[in-house]
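Given next are the chains, with one letter for each unit.
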Amino acid sequence: MAKRRSSLGFLGMFGRSGDLRQLDQALRAADLHPALVPEGVKLTIVNLMKDRWPDEPPTGAYRSVAQLCGYCVAGPQVFEQANGREPTLEVERRIEAALETGDSFDAQIVLMTLHAKLVNPEVVERYGLSAE
């Protein structure tokens, strides 16, 4: 099986890969403009997704990842205003579970937003996040 490859494009001649386009679309759906997330972070996200799902991610995987990333970047209030109460509670449960397990896929996404200095200060304070 051929490995999926991600591409940012080159001089307008080659387009962005499908996984990056899907992630951008999912970020928009979570009310986080893709331009607010550096390309290196998006590449890291899709590479983490490839590690977790070597063939193809399941339906809803991009949405799920984008919601977690959107919550971390926007913070709880802004995320809830844009996405509603239930998605907010679900993301908060995922973050709490990620902090308990420490080395899950969700924990990697949260840690990546922290290292990239994208995480909202309220999220850092609420969950006691630190990069040590």
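Scroll up for the structure.
Figured I'd write up the structure that's included with this text. All figures in this text were calculated on a predicted structure; none of them were measured in a lab.

How each quantity is defined
Residues numbered from 1 in each chain as written. Predicted model: local features only at pLDDT ≥ 70, side-chain atom pairs only at ≥ 80, totals over all residues. Heavy atoms only, no water. Salt bridge = Lys/Arg side-chain N within 4 Å of Asp/Glu carboxyl O. Buried < 20%, exposed > 50% of the residue type's maximum accessible area, 1.4 Å probe, protein only. Helix = DSSP H or I, 4+ residues; strand = E, 2+ residues; numbered from the N terminus. Axes fitted to C-alpha atoms, helices over the stretch in contact; angles between N-to-C directions. Parallel < 35°, antiparallel > 145°, perpendicular 65-115°, else oblique. Contact = heavy atoms within 4.5 Å. Nonpolar A, V, L, I, M, F, W, Y, C, P; charged D, E, K, R; others polar. Expected span 1.5 Å × (residues − 1).

Quick look at the pattern of salt bridges
Then, in step 1: One pass over the full model with this rule turns up 7 salt bridges.
Then, in step 2: Measuring nitrogen to oxygen at the nearest pair gives 3.1 Å for the salt bridge that ties Arg85 to Glu80.
Then, in step 3: Its relative accessible area of 29% is what places Glu80 among the partly exposed residues.
Then, in step 4: The residue Arg126 makes a salt bridge to Glu92 at a minimum N-O spacing of 2.7 Å. Here the residue Arg126 occupies a position in helix H7 (residues 121-127), and Glu92 occupies one in helix H5 (residues 85-101), the gap between them amounting to 34 residues.
Then, in step 5: Each of Asp24, Glu39 and Lys42 takes part in salt bridges that share partners, so that together they form one network.

A short note on the side chain of Asp24
Then, in step 1: By the secondary structure assignment, Asp24 is in helix H1 (residues 18-29).
Then, in step 2: Under the relative-accessibility criterion, Asp24 is labelled buried at 10%.

As for the packing of helix H3 (residues 61-74) against H5
Then, in step 1: One can describe the packing of H3 onto H5 by two numbers: an axis separation of 10 Å at closest approach and a directional angle of 85 degrees. Between H3 and H5, the angle falls in the class roughly perpendicular. Seen from H3, the contacting residues are Ser64, Val65, Gln67, Leu68, Tyr71 and Cys72; seen from H5, they are Pro87, Thr88, Val91, Glu92, Arg94 and Ile95.
Then, in step 2: Class assignment for the residues of the contact of H3 with H5 results in 7 nonpolar, 3 polar and 2 charged.

A look at helix H2 (residues 39-52)
Then, in step 1: Relative to the 20 Å expected for 14 residues at 1.5 Å per residue, H2 spans 20 Å between its end C-alpha atoms, a close match to the ideal helical length.
Then, in step 2: Among all positions of H2, only Val41, Lys42, Ile45, Val46, Leu48, Met49 and Lys50 are buried.
Then, in step 3: Turning to H2, the residues buried within the fold contact H1, H3 and helix H6 (105-115).

With respect to unusual backbone geometry
What is expected of a backbone is that most residues other than glycine have negative phi and most peptide bonds are trans.
Then, in step 1: A positive phi is found at Asp31, a non-glycine position, where the angle reads about 65 degrees.
Then, in step 2: Mapped onto the fold, Asp31 is located in the loop between H1 and H2.
Then, in step 3: You will see that Lys117, though not glycine, has its phi angle at about 60 degrees, which is positive.

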